[in-house]
Amino acid sequence: MAEVTCVRCGETREGLERPPYRDELGREIAEKVCAVCWSEARNMQVMVINENRLDLSDERAQEILEKATRDFLGLAGEE
Ligand SMILES: [Zn+2]
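A short tour of the structure in this document, coming up.

What counts and how
Residues numbered from 1 in each chain as written. Predicted model: local features only at pLDDT ≥ 70, side-chain atom pairs only at ≥ 80, totals over all residues. Heavy atoms only, no water. Core = buried A, V, L, I, M, F, W, Y, C linked by side-chain atoms within 4.5 Å. Buried < 20%, exposed > 50% of the residue type's maximum accessible area, 1.4 Å probe, protein only. Helix = DSSP H or I, 4+ residues; strand = E, 2+ residues; numbered from the N terminus. Axes fitted to C-alpha atoms, helices over the stretch in contact; angles between N-to-C directions. Parallel < 35°, antiparallel > 145°, perpendicular 65-115°, else oblique. Left-handed = near helix turned anticlockwise from the far one by under 90°. Contact = heavy atoms within 4.5 Å. Nonpolar A, V, L, I, M, F, W, Y, C, P; charged D, E, K, R; others polar. Donors = N, O, S within 2.8 Å, 3.2 Å for Na, K, Ca; no water. Tetrahedral: all angles 85-135°; square planar, octahedral: opposite > 155°, others 65-115°.

1. Focus on the nonpolar core
Next up, step 1: One finds Val4, Cys6, Leu16, Leu25, Ile29, Val33, Cys34, Cys37, Trp38, Ala41, Leu73 and Leu75 forming the largest nonpolar core, which totals 12 residues.
Next up, step 2: Among the elements of the structure, helix H1 (24-32) and helix H2 (35-51) are those that each provide at least two residues to this core.
Next up, step 3: One finds Met44, Val48, Leu54 and Ala68 within the second-largest nonpolar core, a separate group that totals 6 residues.

Structure below.
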């Protein structure tokens, strides 16, 4: 499995086997985030979904979750 230098923890360690999403965010996570931080991000996402009662079939809810995920991981978004 490929190693990544993680933007969140700064460590070089195991990354993800494959992008978690089929979009730009998924690609960035696979390239820049280690497996440990991604697992923490998943826990954070569950909390955000519950706290905000997000309905992920709603586009706005997806945007809120994507922003929270980027903030959490330290991914800036459009470069
Ligand atoms: Zn990390």
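2. Examining the packing of H2 against helix H3 (residues 59-73)
Next up, step 1: Where H2 contacts H3, the two axes come as close as 10 Å, and the packing angle between them is 140°. In this view, H2 runs oblique relative to H3, as classed from their interaxial angle. Along this stretch, H2 crosses H3, giving a crossing that reads as right-handed. Between H2, through Cys37, Trp38, Glu40, Ala41, Met44, Gln45, Val48 and Ile49, and H3, the contact on the second element is made entirely by Leu65, Ala68, Thr69, Phe72 and Leu73.
Next up, step 2: Here the residues of the contact of H2 with H3 are counted per class, giving 10 nonpolar, 2 polar and 1 charged.

3. Examining the coordination of the zinc ion
Octahedral metals with six donors have ideal donor angles of 90 or 180 degrees. Tetrahedral metals with four donors have an ideal donor angle of 109.5 degrees.
Next up, step 1: With distances of 2.3 Å, the protein atoms coordinating the zinc ion are Cys6 (SG), Cys9 (SG), Cys34 (SG) and Cys37 (SG).
Next up, step 2: Considering all 4 donor atoms around the zinc ion, the spread of angles at the metal, 104 to 114°, places the coordination shape in the tetrahedral class.
Next up, step 3: Taking the relative accessible area as the measure of exposure, cysteine 37 reaches 2% and is therefore buried.

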